[in-house]
Amino acid sequence: MSGDSAGSSAPIRTLGILGAGKVGTVLARRALEAGYEVLISGSGDPAAIALITSVLAPGARAVRPEEAAREADAVILALPLGRFRELPVEALRGTLVIDAMNHWWETDGASEELGGPAASTSELVQEHLAGARVVKALNHMGYHDLDERALPAGDPDRLAIAIAGAPDDADRAARLIDALGFDPLVIGDLRSGVRLQPFAGAFGAATDREGLARIIEEFPRTERGREVLAALEPAALEPAAGGNGSMDA
Ligand SMILES: NC(=O)c1ccc[n+]([C@@H]2O[C@H](COP(=O)([O-])OP(=O)(O)OC[C@H]3O[C@@H](n4cnc5c(N)ncnc54)[C@H](OP(=O)(O)O)[C@@H]3O)[C@@H](O)[C@H]2O)c1
């Protein structure tokens, strides 16, 4: 259930998914297989997604976005980023929100705010969703891989999914991602999510935990990484004395 009383360690039993397109329906199916109760929504009337839900994620309940947000223990955002200001702020207060959205110019149009080098899009989502506990995850892997390459823990071919956010929230998201069939890799605070956005090396990556960690560590030394870090925080380009390995942006 939504609300501060849910606390940061409450087990997730009911998962809300906002967005019933390619990613939303894949994640709904994965979550049902993992034993979660799933509430899924499109932008409005649940009747509009009833058929697609019954075919692609049988067992998931099609609801309005506000109902999924209010009733779920955690919510995945799987809608176009350009529509994030439609998200129900009050219903998501206190809830773990996993932001799987990316700026996609074909859908969202050109936008400096969402796609420029200074765009830390999950921080924008967090600003809008005052009181929600936003982490970034599940955005960097294509939906085909999310659909077809989930594996049980311990399988040597298991792929990794990175998570950026506050430690307790990231840990909670990590347990969910593990249950969905992927190795979680917590990389740092919400701002470090810029390392997972389009044009970063991790975007589209389908690799194991070590490989993904290497790609993400490499970010400041890539052309896009230098551009993003310079735009966000010029001081971040200075080499840290006795670096502690933290990946915070
Ligand atoms: N495609 C991928 O491989 C992939 C992988 C990882 C992450 N992502 C990200 O995941 C998000 C969804 O991508 P997609 O490919 O699944 O898109 P999609 O197939 O176009 O589906 C988008 C869904 O979002 C719904 N939606 C729109 N506005 C909404 C709102 N205000 N509240 C709730 N639902 C709303 C749409 O419903 P209506 O029809 O009612 O508008 C539709 O069901 C994007 O941000 C994308 O960058 C995509």
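Keep in mind that what you see is a predicted model, and the values were worked out from it rather than measured.

A. Highlighting the overall build of the protein. Looking only at helices and strands, one finds 10 helices and 8 strands in the protein. In summary, the protein has a C-alpha radius of gyration of 17 Å against a globular reference of 18 Å for 249 residues, a match within 12%. Oriented by its inertia axes, the alpha-carbon framework of the protein measures out at about 55 × 40 × 40 Å.

B. Quick look at the sheet that holds strand β2 (residues 37-41). With respect to topology, 8 strands assemble into an open sheet ordered β3-β2-β1-β4-β5-β6-β7-β8, the strand pairing being mixed. Each of the sheet's edge strands pairs with one partner strand only, and the pair in question is β3 (61-62) and β8 (183-188). Examined bridge by bridge, strand β1 (residues 14-18) and strand β4 (residues 74-77) share 4 bridges and lie parallel to one another. Bridge pairing in β4 links leucine 18 to leucine 77. Its contacts with the sheet put helix α1 (residues 22-33) on β1, β2 and β4, and the angle it makes with β2 is roughly 170°.

C. Spatial organisation of the site of the ligand. Contacts to the ligand come from 26 residues, most closely from Gly19, Gly21, Gly42, Ser43 and Met101. No other element matches α1, which puts 3 residues into the shell around the ligand.

D. Main features of the UniProt feature "domain: Pyrroline-5-carboxylate reductase catalytic N-terminal" (unreviewed entry) in the protein. Residues given the UniProt feature "domain: Pyrroline-5-carboxylate reductase catalytic N-terminal" (unreviewed entry) here are residues 15-103. The distance separating the terminal C-alpha atoms of residues 15-103 is 24 Å; by composition the span is 29% helix and 21% strand.

E. Examining the pairing of β4 more closely. Every second residue of β4 is oriented toward a common face, with Ala74 and Ile76 on one face and Val75 and Leu77 on the other, all of them buried. Two strands pair when backbone bridges link them, and β4 and strand β5 (residues 96-99) are joined in this way by 4 bridges, in the parallel orientation. Its bridge partner being in β5, alanine 74 is matched across the sheet by leucine 96.

F. Seen up close, the pairing of strand β6 (residues 133-137). Burial analysis of β6 places 5 of its 5 residues in the buried class, the great majority of the element. Judged by which residues are buried, β6 turns out to be covered on both faces: Arg133, Val135 and Ala137 on one side and Val134 and Lys136 on the other are all buried. Strand direction decides the pairing type here: β5 and β6, joined by 4 bridges, are parallel. Looking at β6, one finds that valine 97 is bridged to valine 134. Where β6 meets strand β7 (residues 160-164), 2 bridges bridge the pair, whose relative direction is antiparallel. Each bridged residue has a counterpart across the sheet, and for alanine 137 the counterpart in β7 is isoleucine 163.

G. Examining unusual backbone geometry more closely. Even without being glycine, leucine 138 reaches a positive phi, approximately 70°. As for its placement among the helices and strands, leucine 138 is situated in the loop between β6 and α7 (143-148). Its identity is not glycine, yet phenylalanine 199 carries a phi of approximately 80°, on the positive side. Tracing the backbone shows phenylalanine 199 in the loop between β8 and α9 (209-218).

H. Looking closely at helix α8 (residues 167-180). Compared with an ideal rise of 1.5 Å per residue, which puts 14 residues at 20 Å, α8 spans 20 Å between its outermost C-alpha atoms and is within 8% of the ideal. Within the sequence span of α8, burial applies to Asp169, Ala170, Arg172, Ala173, Ala174, Leu176, Ile177 and Leu180. Count one or two residues on from α8 and you reach glycine 181, which has phi positive near 115°.

I. Region of the structure containing the environment of alanine 20. With respect to the secondary-structure elements, alanine 20 resides in the loop between β1 and α1. The spatial distance from the C-alpha of alanine 20 to the C-alpha of glycine 165 is 24 Å, given a sequence separation of 145 residues. Alanine 20 has contacts with Thr25, Ile40, Ser41, Gly42, Ile49, Ile52 and Thr53, leaving out every residue within four places of it along the chain.

J. Molecular detail of the nonpolar core. Membership of the largest hydrophobic core comes to 72 residues, with the highest contact counts inside it found for Ile40, Ile98, Ala162 and Ile163. Residues in contact with isoleucine 40, not counting those within four places in the same chain, are Ile17, Ala20, Gly24, Ala28, Ile49, Thr53, Ala57, Ala60, Ala62 and Ala68.

K. Region of the structure containing the environment of lysine 22. Tracing the backbone through its elements, the reader meets lysine 22 in helix α1. Accessibility expressed as a C-beta count within 10 Å gives 15 for lysine 22, which makes it partly exposed. As a C-alpha pair, lysine 22 and methionine 101 span 79 residues in sequence and 12 Å in three-dimensional space.

L. Structural detail: the confidence of the model for the protein. Of all residues in the protein, 91% have pLDDT values of 70 or greater, and the mean over the chain is 92. Within the model, pLDDT remains below 50 along residues 1-6, and this stretch shows 16 contacts once partners closer than five positions in the same chain are excluded. For the stretch residues 236-246, pLDDT sits under 50, and the model shows 6 contacts to residues farther than four places along the chain or on other chains.

Basis of the calculations
- Residues numbered from 1 in each chain as written.
- Predicted model: local features only at pLDDT ≥ 70, side-chain atom pairs only at ≥ 80, totals over all residues.
- Helix = DSSP H or I, 4+ residues; strand = E, 2+ residues; numbered from the N terminus.
- Rg over C-alpha atoms; globule rule 2.2 N^0.38 Å.
- Pairing = 2+ DSSP bridges.
- Contact = placed C-beta atoms within 7 Å.
- Axes fitted to C-alpha atoms, helices over the stretch in contact; angles between N-to-C directions.
- Near = placed C-beta within 6 Å.
- UniProt positions renumbered as here; feature names shortened; annotations may be inferred.
- Buried ≥ 20, exposed ≤ 12 C-beta atoms within 10 Å, placed from the backbone.
- Expected span 1.5 Å × (residues − 1).
- Core = buried A, V, L, I, M, F, W, Y, C linked by C-beta atoms within 7 Å.
- pLDDT = per-residue confidence, 0-100.

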